[in-house]
Amino acid sequence: MSKFTFAFTNLIEYSDKNDKVEIPTNPVNTTHVYPFSSFLWRLEQAPEILSNGLTQFVLSAYSMMETMAPEVDPATYSVDNAGDEQLAEIFKKNGSSLKLKVQLSPTVGRADDLPQLQFTSNNTQVEFQLKDLFSSVPDARFGVETVLLDGTPDADGMQREQKIEYVLNIDDEFTPGVFRMSNWLSPDSCYAQWKPVCYKAEKRTISNSTVVKHTDLVQLSVGLTEALNNSFAYPLYGGDLLQLTGARAINVTFGIPKDKFYAATNYTVWTVSVGLGQPPADAVSTLVIIVILCGLGLPFLLMSAAVIYLCVRRCRQPAPDGAVSAYQPINA
Amino acid sequence: MDSAEETSPLLSNQSPALNAPTGDHNNEVEYQGCAACNPRSALHRYLALSFMCFLSFGSYFCYDNPSALQDVMTEDLSLTTAQYSSFYAWYSWPNVVLSMIGGYLIDRLFGIRLGAIIFSSFCLVGQLLFAFGAFINKVWLMDAARFLFGIGGESLAVAQNTYATSWFRGHELNMVFGIQLSMSRIGSTVNMNVMQPIYHSLDGRFSQPWQQLGAALFLAAFSCILSLGCAFILAYIDRRAKRLLGADAGSTGEKIQLSDIIRFPAAVWLLCGICVAYYVSVFPFISLGQVFFERKFNFNPNEADAVNSLPYIVSAISSPVCGFLIDRTGRNIMWVMLGSLMTMGCHACLAFTFNLSPYGIMIWLGVSYSILAASLWPLVSYCLPNHMLGTAYGIMQSIQNLGLAVINQVSGLIVDSKGYLILEVFFLAWLCLALIFCAVLYLWDISKLGGELNKSASSRRKDAELAKQATEAAAKAADEA
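None of these values were measured; they are calculated from a predicted model.

Here the focus is the confidence of the model for chain B. Residues and elements named next belong to chain B. Looking at chain B, pLDDT values average 85 and 91% of them are 70 or higher. At the level of individual helices and strands, chain B shows its lowest average pLDDT in helix α11 (residues 247-250), which scores 50, and its highest in helix α13 (residues 266-279), which scores 94. Contacts for the low-pLDDT stretch residues 12-27, under 50 throughout, to residues beyond four places or in other chains number 21 contacts. Scored as a whole, the predicted complex attains pTM 0.81, and scored at its interfaces, ipTM 0.79.

Right under this line is the structure:
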């Protein structure tokens, strides 16, 4: 039986002093890591079948201290897992939320919202949304750490080597302005797929879009496996998750230099599609083909017809020389 | 009979001797002065050309002042994006109609000399009011000023086209259009590079930031004074040349009628169609180009901006060169087709490939734009007599402005909803339409005019020679009769 796990493990808040959209590698006291296992979750929207046939539900995160809402003094932060007080900080603002919107489709199709990733019957799309999170520094950005766990060995019994590949596509019809697809593969087994774009506002347009970057694949660390042991992965894989060589993690960051940080819009939404088998590929859509055929083909047909008509007309005209001269020679 | 002896001046050492006309073609004055002042000589034409080029320099320079000073304008006057864009909207939208009216007024009422002076003055007054509006921090006055400036600017371009055709028909007309195109780019580029330093050179002299802005715009108005001066000089040169060449006396004094417009040959409407179909596939693309290059080719904003402005820079250099080439070879319709095909190639490469360097493609786009612009506009002069040209150019410019205004909006909508590939295919479709118009024009030309529009340069020269010999022979016959 195939099984795999795609997990959001940590929410990372970091102060981007150099404005490079990179999570500092050395522990600094302005980087806070909030494990997803320390969030509590409520079902904001129960699973329902939408009018377009998709099944959808929304999970919203909150901290234990939310209902108590004490005024927490900014303490000295540490890189270690933050306690509940620090966690409550990011949800301080009114209307702040961290939401996961999950959508599945029984049939092949596309999502309605940008980036309009493809559905197969074997995948699920997760929209990761950060709204109005509070940070005490003005140059704060948020990132998320994600893990792809695949215990299924390949045909030779070896653990699969995960990799991230980028597919170029000339057709950006479904995600205007985005010509690439990132595929994080456990080859022939499972995948996580996303377009390297996230949106800075609820209205998703090209002008509100920005870049999604990620770090290289790294093996699971002790800290990560602690987090995973508290998650659904534990009963799935059991035992020592560190032994699982078919597991990798990346840090995903949002934004580009000089975009005035998370505080510019206080909103980020990123969609990732996870599923079994091969990731769906975007082909050139039928609309484009029809438009090209009509827009270019018809005129060229007309032009060719005109050229052929001209040639035929020219060929039909009597040749100027070689015709019988109107004059009769006097001296025969 | 030696008619040369009869017509040579009695007092040949004086300049310029007025000769008693003995035949219609001898209304011209026998000219004895220096070559540069001789209306027949090429040198005099180029002297007039230099003034023609600077005639609309002021309008191109001042047109893009808001763009060059965008950040300081937005800050000093506390503008929203919509208010800033309105400076361009107030120029463009009225000119959908005003170019046509301006051209008609030049043909019907003012004549080319007075028309150029009047529209130059509109530019100057408009820019002065714009500066004054900034000085007293009244945005509504600035909008009204841009409207006035627009009345002058586009109609002045029509006047410039008419001057060029009137002086260079039968000579280097294509190159002249190329040079004028070049000047428009140069004017814009000089503006982009010079206005910020001008603005900052006034730092600290004014109590309010908008006063500094107003002062900088006043200084920019000097370019309009230069243009107005050129208009006066050109009026004098043109009047003198017409007097010396006897052209005014020889002309029938016809003026265009409104009904003439409806009876314009089909070629003129086809040329308008080619013009709008081509221009809407180039300029809206450049206005959306920066983000396209950032997203598709992963350029940073500076690189994307540099690539995006390549067509303008390249066309400033290549327009006169292409114009010269087209003058040598003739066959304008072929060149128009070539320009369209080359541009289609550019759009196809940008749409369907990742690997080809955008730098090369955009340079290619600049060259193809030069080819088309230098070969398209002179074609109008081959279709119509002189006294209808202002109106024709005005109509062509009006339709072009309308097309650009509408397609700019439509392009934005297409990109937001359907992405850049569909947008490129959209532009390709417009270029196909331009090609179709071109093909129809070619066929029309062959059937109606016997290939007149697409003549090669050498056959035009032959025709001119034959015509000249014919008139001389007719005059000789008239003399002898």
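So, next bit.
Residues and elements named next belong to chain A. When the domains of chain A are assigned, the result is domain 1 (4-284) and domain 2 (285-318). For domain 1 and domain 2, the distance between their C-alpha centroids amounts to 51 Å. Remark: the boundary between domain 1 and domain 2 carries zero salt bridges. Inspection of the region where domain 1 meets domain 2 yields zero residue pairs in polar contact (both at pLDDT 80 or more). A per-class count over the side of domain 1 that touches domain 2 returns three nonpolar, no polar and two charged.

For the rest of this paragraph, the subject is the pattern of salt bridges. Residues and elements named next belong to chain A. Applying the stated criterion to the full structure yields 19 salt bridges over all chains. Between D259 and R141 there is a salt bridge, with the nearest N and O atoms lying 3.0 Å from each other. In this pair, D259 is assigned in the loop between β16 (247-254) and β17 (267-276) and R141 in strand β9 (residues 140-150), connecting sequence segments 118 residues apart. One exposure class covers both D259 and R141, and it is buried. Ionic pairing is found between D150 and R160, a salt bridge with its closest N-O pair at 4.0 Å. Of this pair, D150 sits in strand β9 while R160 sits in the loop between β9 and β10 (163-168), and the two are ten residues apart along the sequence. Both residues of the pair, D150 and R160, belong to the buried class. Salt bridges sharing common partners tie together D16, D19, R141 and D259.

Residue and element names in this part refer to chain A. One can find H214 in strand β14 (residues 209-214). The sequence separation of H214 and G177 amounts to 37 residues, and the corresponding C-alpha distance is 19 Å. At 2.9 Å, the side chain of H214 forms a polar contact with the side chain of Y166.

What counts, and where the lines are drawn
- Residues numbered from 1 in each chain as written.
- Chains lettered and ligands numbered in written order.
- Predicted model: local features only at pLDDT ≥ 70, side-chain atom pairs only at ≥ 80, totals over all residues.
- Heavy atoms only, no water.
- pLDDT = per-residue confidence, 0-100.
- Helix = DSSP H or I, 4+ residues; strand = E, 2+ residues; numbered from the N terminus.
- Contact = heavy atoms within 4.5 Å.
- Domains from an automatic or database assignment.
- Salt bridge = Lys/Arg side-chain N within 4 Å of Asp/Glu carboxyl O.
- Polar contact = N/O pair within 3.5 Å; in protein donor to acceptor, adjacent residues only side chain to side chain.
- Nonpolar A, V, L, I, M, F, W, Y, C, P; charged D, E, K, R; others polar.
- Buried < 20%, exposed > 50% of the residue type's maximum accessible area, 1.4 Å probe, protein only.

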